[in-house]
Amino acid sequence: MRFNERELVSLSRQPSERAAELGMRGPKKGDVVKKRLVKLVVNFLFYFRTDEEEPLGALLLEECRVEQEDDQAFSIIFLDEAERKYLFECDSQQQCLEWIECIVKASYEFMRKSLIFYRSEIQRMTGKDPLEQYGISDEARFQIGTIPSIQDT
């Protein structure tokens, strides 16, 4: 996926859902853990040197897996590049669990599945499609499929 660098920098300056200084190790062999300011903005995870305003990089949180490594660490692995693992070290187990939850919920796919789940629940309870009033109820991305629960994501 291609991104405009100025737009990404602008996005990185938007209010974040979560931000903290975390230990971060990149995916390259020989990378060491370094303190980084990490910001979650929409479905991007930006990371900065702690004394700079421009991001060093950004991870688009789509098609990835978040795993708890130990009590105070988690990793992000992208499905199309399973050998590339980003490791993040937190100050506490609570902070680690909060980061994992926020990152999982940040993806477009999670939001889409949640929308479909709640759409079907509202339709079941009221008999009306809540998206119909917006003229988007027939769009393929909003179609109700078999989604057992949003916890399965």
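Quick look at the structure, then. (Residues numbered from 1 in each chain as written. Predicted model: local features only at pLDDT ≥ 70, side-chain atom pairs only at ≥ 80, totals over all residues. Heavy atoms only, no water.)

## Digging into the pairing of strand E5 (residues 64-70)
Taken together, the 6 bridges between E5 and strand E6 (residues 73-78) define a ladder with antiparallel strand orientation. If you follow Val66 over to E6, its bridge partner there is Ile76. What sits between E5 and E6 in their antiparallel hairpin is a turn of 2 residues. (Pairing = 2+ DSSP bridges. Helix = DSSP H or I, 4+ residues; strand = E, 2+ residues; numbered from the N terminus.)

## Some words on helix H2 (residues 93-106)
Taking 1.5 Å per residue, 14 residues should reach 20 Å; H2 reaches 20 Å between its end C-alpha atoms and fits that length. All of the buried residues along H2 are Gln95, Cys96, Trp99, Ile100, Ile103 and Ala106. The arc that holds the buried residues of H2, viewed along the axis, is 135°, so those residues lie on one side. For H2, the secondary structure elements touched by its buried residues are strand E1 (18-25), strand E2 (34-41), strand E3 (44-48), E5, E6 and helix H3 (108-126). (Expected span 1.5 Å × (residues − 1). Buried < 20%, exposed > 50% of the residue type's maximum accessible area, 1.4 Å probe, protein only. Arc of directions from axis to C-beta. Contact = heavy atoms within 4.5 Å.)

## Brief notes about the environment of Gln95
With respect to the helices, strands and loops of the structure, Gln95 is situated in helix H2. Remark: the alpha-carbon pair of Gln95 and Ala73, spanning 22 residues in sequence, is separated by 9.3 Å. Setting aside residues no more than four positions away along its own chain, Gln95 makes contact with Arg18, Ala20, Leu22 and Cys90.

All we've got here are geometric facts, nothing functional implied.
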